[in-house]
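Single-letter residue listing:
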Amino acid sequence: MPGFLVAKSGPEMVEEAKVQNVLYMSPEARAAFERAVNVVREELAELPARDAEAFVLRLERYWQDLFDGLEPPYGARGDFAVFLERLVRLLAARYAQRPEDLKALDLERNLTPDWFQSERRIGYVFYADRFAGDLAGVSERLDYLEELGANYVHIMPLLKSRPAGLDDGGYAVSDYRKVQESLGTMEDLRGLCALMRRRGMSLCLDLVLNHCASEHEWAQGARRGEPEYEEMFYVFGDRSLPDEYEKTLPEVFPETAPGNFTPIEETGKWVWTTFNDYQWDLNWSNPRVFVEMTDVLLTLANVGVEVFRLDAVAFMWKELGTDCQNRPEVHDLLQALRACSRIACAAVIHKAEAIVGPDHLVTYLGTDAHHGKESDLAYHNALMVHLWSSLASRDTRLMAHALGRFPRKPANAAWATYARCHDDIGWAIADEDASAVGLDPGAHRSFLSDYYSGTFIGSHAGGAVFEENPRTGDRRISGTLASLAGLELAQETGDDVLLEMAVRRILLCHALIFGYGGIPLIYMGDELGLPGDHAYLEDPNHRDDNRWMHRPRMDWKRAARRSSQGTVEHAIFSGLRTLVEARNHTPHLHAATGVEVVDELHPHVFSFVRPHPLGPLLALHNFTEDVRYASLDVPRGLGMTAPVDRISGGAPRIMGDEIELSPYEVLWLTDAS
Ligand code: GLC
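Keep in mind it's a predicted model, so treat the numbers as computed, not measured.

Participant: I'm lost on the overall build of the protein in this one. Help?
Facilitator: In terms of regular secondary structure, the protein is built from 26 helices and 25 strands. Radius of gyration (C-alpha) of the protein: 25 Å, near the 26 Å computed for a compact globule of 673 residues. On the principal axes, the C-alpha backbone points of the protein span a range of 75 × 65 × 50 Å. The buried share among the 673 residues of the protein stands at 61%. Long-range contacts, defined as pairs at least 24 residues apart, comprise 72% of the intrachain contacts of the protein with a sequence gap of at least 6. Counting only carbon and sulfur atoms, one obtains 51% of the accessible surface of the protein, whose full area is about 25,500 Å². Distance from the positive charge centre (67 side chains) to the negative charge centre (102 side chains) of the protein: 4 Å.

Shown next, in the form of structure tokens:
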């Protein structure tokens, strides 16, 4: 037998075939599919034949993904077949209710599955109340989003959250089927989605998968001790198992919510609460949780939501003796959920919110058997962390090394790139990466916390330490882009040089996330350099959580200055507009194009290449306040004889055999010849 045939054994070959994205159906899946089709035909009987046929075709196309996702967590249960039938009926029923215009969008997206990877996709993220009062206010502000160039609009949690005030910024949902009353109604949300759709904007909504509020009706049932509701959570009669789990569990909020379990007053039992005591972890090993959440997702998709930000997914599966994060079953569940969307609301995509270590990040876009089948988007936390690390050290070697060895993402998925978000920044830098460039990992992380909390001598940053963990030495950081980049300090001290550098730093942050690949997310206010909001200290519901310092209210007076030359707001807003224009006209930035970091080019200039059929794009970023020179060897090696910078539209400044970069300058070079 020829060597290549025996090199891999049967099961290995099967695994490899899955990775290659081969479309197939296993005999077990085929048998289940035949049963499913019969069920579906009943449910779709009232629909026009072509609609019903489209559903069956999608069911067939994504059946194996669904089956492979559900089999590991639930396949061994005696009621697996019943569960599958229930789920399939649900998919068909929600599809049958899907409005015509959304069904048309489904078809369009089936033809353009890369719609979210386009270089023209630009994200903006805000709290509805802080940006515009409520949902009706948001619809009044769509012109502003359009002016900025944003067409992927993430409105922070807006579903009904617990009434008591403390709700973790809306991440403690008490009713997934209602909009928070102060923001509007489900009808308002439907109307807003339709308005946005007409402008080519897609709405992204948080769907908190890992937990719900202690006031949710499921939690209320569990408080009453009703077994069917207790089974939707992790409820323990005493501390023995929780104590066992605690031995290997980290703490997310060590200062404000230590430990991972909370007593249930009414029953004297204990419930798993990874985050705050009022956020009860849902038990995804119970298939009912899967069905209920899928129903919520499809219902909201039918309202017009196009992107679901699946919150805190890393924690969705628990296993004794582990840290209960990133378990294999999480990836199975996410693949199955995506298959459900592809079948019943094909226009919809999923974004995984998994702020995990660099080695796990790419797995949320689907690796190995999940390759390209798991989440369409995931946050590039490592890019964000290294951005701040390099800005503090003025040295890009660690960043180049770490991102240079970053695993390739599946071509059909994309990163969500960001310079900061509504959460804190944790220094997720792999020890081996720091050591590889001669840094002591712990000392470097500690330096970054000192630097960004402003205690390091010479630091320009005005952030604050978030949730110090004395056990691990961890100190995460809060702060707006303006405060971390030094703008706040420059404005307070009236230091013009610092001000100029801070504006450049902010634009470098944006240029990096615009060029690196994926959807760049601009956090509300960062387009204007809005300062932090210290009023959170006066709000009893916010004062213990300093992440509120970087969730300011929109200052529309400041925003008006964006058209007045000479103001900081104008400098940042117009700089950003230039980037938007450049990005829109640079097809090399389509997210299917990979990123190859150029290691070793320069210790202060971070560089990468985006290989593209139109020719390569070379991006250069000067991470210092000094003029730097980068060798022309790299662009020449890429075959560029007449490089042109797509941001300025002009030729780069060449000095001898080098390209000159002014402080914090970014160039996107392609060949004009
Ligand atoms: C996510 C959110 C964060 C929240 C947590 C718990 O990480 O981004 O704000 O605290 O989930 O829901």
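Having seen the model, we can carry on.
Participant: I keep staring at the nonpolar core and nothing clicks. Help me out?
Facilitator: Side chains that are nonpolar tend, in soluble globular proteins, to be buried together. Membership of the largest hydrophobic core comes to 206 residues, with the highest contact counts inside it found for W63, Y124, Y176, W284, F290, W388 and Y452. For this core, the element with the highest residue contribution is helix α4 (residues 49–74), accounting for 11 residues. Filtering out sequence-adjacent residues up to four positions away, F290 remains in contact with L70, Y74, F83, L87, W284, L333, A336, L337 and C340. Judged by nonpolar contacts, the second largest core, of 13 residues, contains L601, L620, M640 and L661.

Participant: For this particular structure, what's the right way to read the sheet that holds strand β11 (residues 307–311)?
Facilitator: Neighbouring strands of a sheet are bound in pairs by backbone hydrogen bonds; such pairs are parallel or else antiparallel. Around the barrel, eight strands lie side by side as β1-β2-β5-β11-β12-β13-β14-β17; this closed barrel has parallel pairing. Sheet twist, expressed as the mean angle between neighbouring strand axes with direction ignored, is 25°. Two strands pair when backbone bridges link them, and strand β1 (residues 123–126) and strand β17 (residues 519–523) are joined in this way by three bridges, in the parallel orientation. Along β17, the bridge assignment pairs V125 with Y523.

Participant: Help me understand the pattern of salt bridges, please; the structure alone is not making it clear to me.
Facilitator: Scanning the entire structure with this criterion turns up 61 salt bridges. Notably, a salt bridge pairs E596 with R408, separated by 3.6 Å at the nearest N-O pair. Of the two residues, E596 sits in strand β18 (residues 596–597) while R408 sits in the loop between α18 (397–404) and β14 (414–418), which places them 188 residues apart along the sequence. Look at the salt bridges and you will find they share partners, linking D168, D423, D545, R547 and R551 into a network.

Participant: Looking at this model, I keep getting lost on the packing of aromatic side chains. Mind explaining?
Facilitator: Ring pairs (aromatic) are described by centroid distance and by the angle formed between their planes. Within this structure, the stated rule accounts for 39 aromatic pairs. A centroid spacing of 5.4 Å and a plane angle of 85° characterise the contact between F233 and W280, whose relative ring orientation is edge-to-face. Highlighted residues: F233 in the loop between α12 (227–230) and β7 (235–236) and W280 in strand β10 (residues 279–281), separated in sequence by 47 residues. With centroids separated by 5.5 Å and ring planes inclined at 80°, the aromatic side chains of W388 and Y452 adopt a geometry described as edge-to-face. Of the two residues, W388 is situated in helix α17 (residues 381–393) and Y452 in helix α20 (residues 441–452); the sequence distance between them amounts to 64 residues. As far as burial versus exposure is concerned, W388 and Y452 are alike and both buried. One cation-aromatic arrangement involves K103 over Y95; the distance from NZ or CZ to the ring centre is 5.0 Å. One Lys or Arg, R562, reaches over the ring of F573 and ends 5.5 Å from the middle of that ring.

Participant: Sorry, what's going on with the sheet that holds β7 here?
Facilitator: An order of β7-β9-β8 is seen for the three strands of this open sheet, with the pairing classed as antiparallel. A strand with exactly one partner marks an edge of an open sheet, and here the two such strands are β7 and β8 (261–263). Across two bridges, the pairing between β7 and strand β9 (residues 270–272) is antiparallel. What sits directly across from F236, in β9, is W270.

Participant: How do you make sense of the pairing of strand β19 (residues 605–610) when you look at a structure like this?
Facilitator: Within a regular strand, side chains alternate between the sheet's two faces. Burial analysis of β19 places six of its six residues in the buried class, which makes it a mostly covered element. Side chains V605, S607 and V609 of β19 all project onto a buried face; the interleaved residues F606, F608 and R610 project onto the opposite face, where all are buried too. Bridge count between β19 and strand β20 (residues 617–622): six bridges; the pairing is antiparallel. Its bridge partner being in β20, F606 is matched across the sheet by H621. In sequence, β19 turns back onto β20 through a hairpin of six residues, with G615 there showing a positive phi of about 120°.

What counts as what
- Residues numbered from 1 in each chain as written.
- Predicted model: local features only at pLDDT ≥ 70, side-chain atom pairs only at ≥ 80, totals over all residues.
- Heavy atoms only, no water.
- Helix = DSSP H or I, 4+ residues; strand = E, 2+ residues; numbered from the N terminus.
- Rg over C-alpha atoms; globule rule 2.2 N^0.38 Å.
- Buried < 20%, exposed > 50% of the residue type's maximum accessible area, 1.4 Å probe, protein only.
- Contact = heavy atoms within 4.5 Å.
- Areas by Shrake-Rupley, 256 points an atom, 1.4 Å probe, with all protein chains shown as cover.
- Lys, Arg positive; Asp, Glu negative; His and termini not counted.
- Charge placed at Lys NZ, Arg CZ, Asp CG, Glu CD.
- Core = buried A, V, L, I, M, F, W, Y, C linked by side-chain atoms within 4.5 Å.
- Pairing = 2+ DSSP bridges.
- Axes fitted to C-alpha atoms, helices over the stretch in contact; angles between N-to-C directions.
- Salt bridge = Lys/Arg side-chain N within 4 Å of Asp/Glu carboxyl O.
- Phe/Tyr/Trp six-rings, centres within 6.5 Å; stacked < 30°, edge-to-face > 60°.
- Lys NZ or Arg CZ within 6 Å of the ring centre and 35° of its normal.

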